Structure formats: C-alpha cells, structure tokens
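The chain contents come next:
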Amino acid sequence: EYCPPNQKPFPCPESNMAVNVSDVLFVRVSGTSASAETGSFTCSKASPCRRLTLRHVNIAPASGGTGHFSCKRAHGSADDVQPASCLEA
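Everything numeric in this text was worked out from a predicted model, so none of it was measured. Within each chain, residues carry numbers counting from 1 in the order of the written sequence. pLDDT decides what is reported in this predicted model: residues at 70 or higher carry local features, side-chain atom pairs at 80 or more are listed and counted, and totals for whole chains, interfaces and linings draw on all residues regardless. Heavy atoms from the whole structure form the basis of all side-chain values; hydrogens and water molecules are not counted.

A. Quick peek at the nonpolar core. Buried Ala, Val, Leu, Ile, Met, Phe, Trp, Tyr and Cys residues that are joined via side-chain atoms within 4.5 Å together make up what is termed a nonpolar core. To sort residues, take the accessible area from a 1.4 Å probe on protein chains only and compare it with the maximum for the residue type: under 20% means buried, over 50% means exposed, and anything in between is partly exposed. Grouped together as the largest cluster of nonpolar side chains are 11 residues: F41, C43, C49, L52, L54, V57, I59, F69, A74, V81 and L87. Listing elements by their share of this core, those giving two or more residues are β3 (49-61) and β5 (74-82). With five residues, β3 is the single largest residue contributor to this core. Not counting the four nearest positions on each side in its chain, F41 is found in contact with F26, L52, L54, F69, S70, C71, K72, A74 and L87. Only runs of H or I of at least four residues qualify as helices and only runs of E of at least two qualify as strands under DSSP, and these elements are numbered from the N terminus. In this description, contact between two residues means that some pair of their heavy atoms is separated by no more than 4.5 Å.

Structure, rendered in structure tokens:
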C-alpha cells in the first residue's frame, strides 16, 4: 500500500492490483530511528504481506524512550525483537 503524499491523486484509489511481498527475513538489525515509529509494514488489502520474519532486531528512537512498530495487513513471526513486533500470526 505504497502511496506517498505527492502521488496524484492522493489519497490513492483502492486497487485490486498490488505487489506480492512474502518470505522476507530480517536478521540482526540494530540501530536508531528518527521517530518513535521504529519500523513500518504497510501492506495492501489486495495482497497482504505474508511470512515476514524478524529475528534479533533492536531499533530504538534516537530521542530515547520507547518506540513501536506499525503494521497493516502484515503477517509473520518475530523472535528477540525490540520494540515488540506488531506482525500478525
């Protein structure tokens, strides 16, 4: 569901076509984020993301405090992830 604000028309119209994202593995990822949203998985209604895997992922907001992941229609598993994963099973 990629739809940048400068896209015309915005907001983007609903579509039954989408890129299929599946079988993606993130391993040993660490660092800082410019915002409290430390990661985002925004997948389309037409083709939800499947079999995403997060392992040993640690991303913190550069300003300190607690971060969070944002997920829409993203499915997969997570092990040793901070902040907590939002992936659906």
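B. Representation of the sheet that holds strand β1 (residues 22-33). At least two DSSP bridges between two strands are required for those strands to pair. With parallel pairing, three strands are arranged side by side in an open sheet as β1-β3-β5. Among the strands making up the open sheet, the edge pair consists of β1 and β5. This sheet shows a mean twist of 20 degrees between the axes of neighbouring strands, independent of strand direction. Note that β1 and β3 share 10 bridges and pair parallel. Bridging across to β3, V24 finds its partner in L52. All axes here are fitted lines through C-alpha atoms, helices being fitted over the stretch that makes contact, and every angle between N-to-C directions spans 0 to 180 degrees.

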